[in-house]
Amino acid sequence: MSTEDESFHPLGQEWENELETMLDDTEYDSDLGMQMAEDAMRVTKGELSEADFHEKYHDDVMEEFGVDDRPTEEAYEEAQKNAGGFAEMLKSVDSDGEESRRGMMKKMGAGAAFVGLGAFGASEGGSESEPNVAAAQEGDDTEQDVQWGMAIDLERCDGCLSCVEACAEENNLDRGVNWMYVLDYEDNGVDTSRNRLVRPCQHCTDAPCEKVCPTTARHTRDNDGLVLTDYDVCIGCRYCQVACPYGVNYFQWDEPDITTEDIEAQAQEEMGDHDHDSDVPHDHMSDERGRWVDSRAPRGVMSKCTMCPTRQDGGMGEDAVGTTACEDACPPDAIQFGNMFDDNSDPQTYADNPARGRALSDIDMSVPSADALEDDLDGADDDLESVLEASEDLDEEDLRIMKAIEIVTDDFGEGDDSHTEYEQNIVEAFDALEAHGLDLDSEEVLVGLDLADEPDEDEEFDGPDESAAQTVLVNEAGEPSSNFQLLQDMGTNPNIIYLGNEPGPQAEQVDGPVAYEDVEADLADGSSVPLADNRKEVLDEMTVGDAGVSL
Amino acid sequence: MSTKTPSEDDILRPMHTFTKKYVLLFAIAALALGAFLVGWMYQLQQGMAVTGLSDWGSGGGVTWGLYIGAFIWWVGIAHGGIILSAAVRLLGMDRYMPVARLAEMLTLAGLSAAGFYIMVHMGRPDRMVTSIIGHYHITVNNSPLVWDVTVITAYFVLTATYLGLTLRYDIARLRDDLPSFAPNVGGKQLPDLLAPVYNVLTLGYTKAEDKVIDRMVWWVALAIIIMAPLLLHGGVIPWLFAVLPNYPGWFGGIQGPQFLTIALTSAISGVILLSYAFRRAYDWDHIITDDIFRGLLLWLGFFCLLFLWLQLQQLATGSFHPTTDHADATASKFSHPMYVGPMLMVLGVLVYIFAQTIRPSLFSKGRAIAAGLLVLTATLVEKTYFVLSGFWYPSFSIYDGSPGEYFPSAIELLSLVGTVGMVVLFFLVLSKLVPVVELHAVEHLRGDHGHGHEHDHESVDESAEQPEVEA
């Protein structure tokens with residue numbers, strides 16, 4: 001950049017001239033465009049207020065284009081509140097190098113281009129004398145309010161491999177490509193049945209695989225933090241697999257068993273019925289941005305657990321958003337998938353109070369429906385004892401746990417995560433009981449359920465005892481020995497929270513309760529294929545001159 | 001040492017002879033390369049499953065293997081070669097001037113072989129340009145692999161420039177004696193096809209430029225001497241591995257110097273073998289003298305010592321009071337033949353070299369060749385072990401499939417033969433086109449400062465009499 005020329009633009013006179021030529025090519029007024037661009041630059045530098053800028057050019061713009069699509073004063077005020085103002089909008093027109101400036105200009109249209117010219121300066125410039133311009137380059141212009149992740153309760157996992165199977169079926173994986181992997185291990189010779197690890201991709205916030213990728217194929221999706229592989233960009237160097245400390249990557253060493261046609265046909269069949277977002281492609285392969293990141297990889301590129309972007313994009317209907325195939329399939333409900341940024345999401349509430357989460361999950365099967373309660377209670381008295389006696393499906397223990405869960409939970413029954421549905425079932429049952437006349441917050445009931453202390457004669461009843469409620473839940477469901485993230489010292493900031501035993505450095509895998517070979521996955525081509533634990537054994541069939549020996 | 005006087009005819013001899021042995025060697029090298037190309041085509045058709053590789057961890061294998069080991073090996077040979085040549089120009093080590101150009105050419109050949117391995121190693125080599133170049137401005141900030149590609153490319157350009165500049169002097173003077181190739185196709189006489197090549201190489205040459213070129217070459221040599229240890233084999237190549245904390249066998253700052261010693265030992269070995277081959281083929285006893293071999297051998301000994309010293313550092317720190325993951329990685333070194341074998345080979349070479357400096361009668365060219373072959377074998381095996389052992393002993397070693405199994409497939413093994421064939425072909429072709437010993441070297445050996453060219457460093461007599469390594 002020359003410092004001597006008189007250009008208003010941080011990229012200099014040459015660039016300014018080029019802009020002018022581009023404007024000359026349009027049917028619109030070049031002088032007006034250049035003047036606006038210059039002033040837009042002043043806005044980004046803070047020399048001109050945004051309101052003044054609008055004021056100054058409104059008439060000209062109306063005259064030239066017949067419309068002024070730039071934010072009106074009201075819209076501007078609104079934008080100011082949400083995004084930091086027009087200057088921020090200008091700055092956020094960031095050239096990320098994916099598109100040429102000219103291409104971008106075309107998209108913006110000539111009118112917007114007037115303003116955009118200045119904005120490009122904002123993102124391309126960056127000398128110290130223009131702090132706002134420089135700051136614009138550094139700013140992260142994408143608001144991320146979702147970070148998908150999981151809480152996995154290792155003490156509830158029974159090693160059935162349902163999640164591994166579900167993942168293989170959802171993504172049509174080749175044998176031995178275990179995006180989801182479950183293993184039992186021995187640690188220092190002590191084998192408790194709870195030494196078990198469930199290992200999907202950790203979808204790290206600071207993913208080393210992404211950092212080393214020479215192509216940007218491995219990337220983090222801006223809006224929800226999923227770490228994905230763009231199958232159309234990956235060159236198959238396998239450096240991501242090398243850099244990942246967890247070993248979650250699986251290279252597609254040969255032609256995959258299931259064709260893209262089969263996957264698409266299956267997707268049409270299964271996704272067609274759902275009330276899905278029409279913007280999301282229907283093939284279970286492209287995500288909402290149109291990038292091929294889902295289902296098994298094609299030959300010669302890398303794959304790993306995706307946390308089901310097609311589901312998160314609404315491609316399988318609204319109900320599937322916020323779920324994964326493995327989570328849905330887990331019989332003991334050991335996997336909680338959700339938004340790690342939301343304190344009230346399934347994984348966060350579960351990790352925050354695992355005893356509550358476990359009890360809630362366990363009790364759900366025993367919560368009687370409101371209808372059943374109404375039928376049972378018809379004609380019964382409204383004291384606790386009579387209610388429990390009259391109700392077939394509700395015993396004192398169940399009610400104590402249900403009430404204890406309510407006591408320890410803030411905003412009980414509110415929200416849209418899957419555990420909230422469990423809570424709503426309890427709310428309905430409680431409503432039925434209250435309707436019958438049983439006051440669940442009364443001294444009689446709470447003391448009767450051991451969820452409150454009986455007040456002394458000169459004291460008032462001070463409501464439920466939260467610590468007693470928590471004790472009830474811990475006694476019922478147990479609490480995990482620890483709460484950890486895998487290989488935390490690697491600095492990867494994983495988005496999976498584990499509850500249970502953390503494997504030590506000497507942990508070694510042992511046989512689990514169910515062998516991989518004994519579980520079959522039903523794939524899109526109609527075949528039923530047994531899972532494989534060791535990929536190498538499957539691949540050896542294709543190795544040229546495999547001598548069956550190892551170095 | 002021979003009493004024959006080196007002449008222009010000597011260095012032109014490769015271009016003026018055409019023997020059955022040449023044809024035979026050419027055929028063998030072409031066959032080796034061809035066989036691997038067929039193997040590679042099969043790999044492209046079937047996928048990387050034809051290799052012995054698999055996923056590390058639950059996948060039960062290693063994801064990088066011989067291809068990457070051989071890649072490092074070739075880059076090492078390449079980089080050491082150019083360092084040797086640059087030392088001749090920069091430090092005035094004129095004793096090695098007769099083999100300087102061979103070393104430069106070895107760099108180009110080695111880099112080509114290494115670059116070829118990058119392609120062979122990838123699942124989708126067809127996307128090399130679109131995916132890497134297209135996102136270069138982003139990835140160059142983070143990805144050590146992109147740093148590698150960048151520096152290797154820069155190095156290739158630098159070396160080619162260097163070679164091109166020094167060739168101008170020779171070609172301009174020997175132009176009339178350089179070969180021509182004007183085939184008669186179907187009764188139609190074609191013009192000399194080689195003439196344009198020489199014309200381009202000497203475009204705009206005047207004797208006045210010699211001094212300027214000399215200075216330019218000096219600066220390029222300086223750049224190379226700085227770049228090679230700091231950026232290349234002491235930099236981005238080891239950083240591919242050394243920056244990853246999840247592999248105790250790889251992680252840490254020692255890999256920079258360690259890789260550099262491996263590069264230098266293997267490159268000097270390569271130059272010894274290459275020099276011997278040319279000396280024997282073209283009766284160059286009086287040009288590539290025994291003295292050169294003695295000197296190269298001494299340097300080889302010195303770098304072998306450094307190599308072993310840095311290995312010792314790793315063994316000591318990895319076994320004194322190691323963390324669990326380091327303990328496993330180091331224990332493997334003490335027992336695995338792919339590590340112990342190379343260490344013993346290098347140690348043996350070191351012992352021999354030091355013995356022959358004390359007792360010069362122990363020197364023979366045959367033994368020098370054997371030393372070179374031993375070191376090249378040792379560095380290839382050690383580098384391959386280095387790559388494999390990372391995956392065998394990762395920090396997160398919980399998986400039953402870890403350490404993974406691996407044996408190079410026939411195609412992977414063939415790649416070694418193929419790339420050696422490729423490098424041999426490179427020299428066979430190049431030696432027919434341009435002098436592989438520079439004219440300066442001949443003039444220098446004759447004590448001849450003619451042709452209007454002045455050396456601005458020390459005089460010939462001084463440098464010839466001074467052994468630059470005291471025994």
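Residues numbered from 1 in each chain as written. Chains lettered and ligands numbered in written order. Predicted model: local features only at pLDDT ≥ 70, side-chain atom pairs only at ≥ 80, totals over all residues. Heavy atoms only, no water.

With 60 residues of chain A at the contact, the number on the chain B side is 66 residues. Across the chain A to chain B interface the summed buried area is about 5,000 Å²; carbon plus sulfur atoms make up 59%. Counting the contacts that link chain A with chain B gives 1 salt bridge. As a salt-bridge pair, B:Asp55 and A:Arg535 come within 2.7 Å of each other at their nearest N and O atoms. Counting the contacts that link chain A with chain B gives 43 residue pairs in polar contact (both at pLDDT 80 or more). Secondary structure elements with two or more residues in the side of chain A that touches chain B: strand 2 (181-186), strand 3 (196-199), helix 9 (208-212), helix 10 (239-243), strand 6 (250-251), strand 11 (508-510) and helix 22 (535-539) of chain A. Classifying every residue of the side of chain A that touches chain B by side-chain character gives 33 nonpolar, 14 polar and 13 charged. (Contact = heavy atoms within 4.5 Å. Buried area = accessible area lost by both parts, 1.4 Å probe. Salt bridge = Lys/Arg side-chain N within 4 Å of Asp/Glu carboxyl O. Polar contact = N/O pair within 3.5 Å; in protein donor to acceptor, adjacent residues only side chain to side chain. Helix = DSSP H or I, 4+ residues; strand = E, 2+ residues; numbered from the N terminus. Nonpolar A, V, L, I, M, F, W, Y, C, P; charged D, E, K, R; others polar.)

Here the focus is the pairing of strand 10 (residues 496-499) of chain A. Look at any regular strand and the pattern is simple: side chains alternate between the two faces of the sheet. Residue and element names in this part refer to chain A. Burial of strand 10 is two-sided: the residues Ile496 and Tyr498 facing one way and the residues Ile497 and Leu499 facing the other way are all buried. Note that strand 1 (residues 148-153) and strand 10 share 4 bridges and pair parallel. Across the sheet, the residue bridging to methionine 150 is isoleucine 496, located in strand 10. Two strands pair when backbone bridges link them, and strand 9 (residues 483-484) and strand 10 are joined in this way by 2 bridges, in the antiparallel orientation. (Buried < 20%, exposed > 50% of the residue type's maximum accessible area, 1.4 Å probe, protein only. Pairing = 2+ DSSP bridges.)

Further remarks concern the UniProt feature "coiled-coil region" (unreviewed entry) in chain A. UniProt tags residues 370-397 of chain A as "coiled-coil region" (unreviewed entry). When the span residues 370-397 of chain A is considered, its composition is 61% helix and 0% strand, and the gap between its end C-alpha atoms is 18 Å. (UniProt positions renumbered as here; feature names shortened; annotations may be inferred.)

This part is about the sheet that holds strand 9 of chain A. Hydrogen bonds along the backbone pair up the strands of a sheet, which may run parallel or antiparallel. Across the sheet, which stays open at both edges, the 4 strands sit in the order 8-1-10-9 (chain A) with mixed pairing between neighbours. Two strands in the sheet have a free side with no partner beyond their single neighbour: strand 8 (335-339) and strand 9 of chain A.

Our next topic: the pattern of salt bridges. Residues and elements named next belong to chain A. Counted according to the given criterion, the structure contains 32 salt bridges over all chains. Arginine 299 is paired through a salt bridge with glutamate 255; the nearest N and O atoms lie 3.9 Å apart. One end of the pair, arginine 299, is in the loop between helix 11 (260-271) and strand 7 (302-303); the other, glutamate 255, is in the loop between strand 6 and helix 11, and 44 residues separate them in sequence. The class for arginine 299 is partly exposed, based on a relative accessible area of 25%. Close ionic contact of aspartate 328 with arginine 311 constitutes a salt bridge, the shortest N to O distance being 2.8 Å. With aspartate 328 in helix 13 (residues 325-329) and arginine 311 in helix 12 (residues 309-312), this residue pair connects regions lying 17 residues apart in the sequence. Residues participating in the shared-partner salt-bridge network are Arg221, Asp224, Asp287, Arg289 and Asp313.

What follows covers the layout of surface pockets. Using a probe with the size of a water molecule, rolled over the atoms, empty space left in the structure can be pinpointed. All names here are of chain B. Roughly 1,100 Å³ of internal volume is contained in the second largest pocket. Together, 32 residues line the second largest pocket, and Leu25, Leu273, Leu274, Ala277 and Val424 are the ones closest to its centre. For the lining of the second largest pocket, the secondary structure elements donating two or more residues are helix 2 (20-46), helix 3 (66-91), helix 10 (255-282), helix 14 (365-392) and helix 15 (410-433). Looking at the lining of the second largest pocket element by element, the count peaks at 9 residues for helix 10. Its residues placed into classes, the lining of the second largest pocket shows 24 nonpolar, 5 polar and 3 charged. (1 Å grid on protein atoms, 1.4 Å probe; cavity = no way out; pocket = protein on both sides within 12 Å on 5 of 7 lines; lining within 4 Å. Points joined across faces, edges and corners; volume = space filled by probe spheres on them.)

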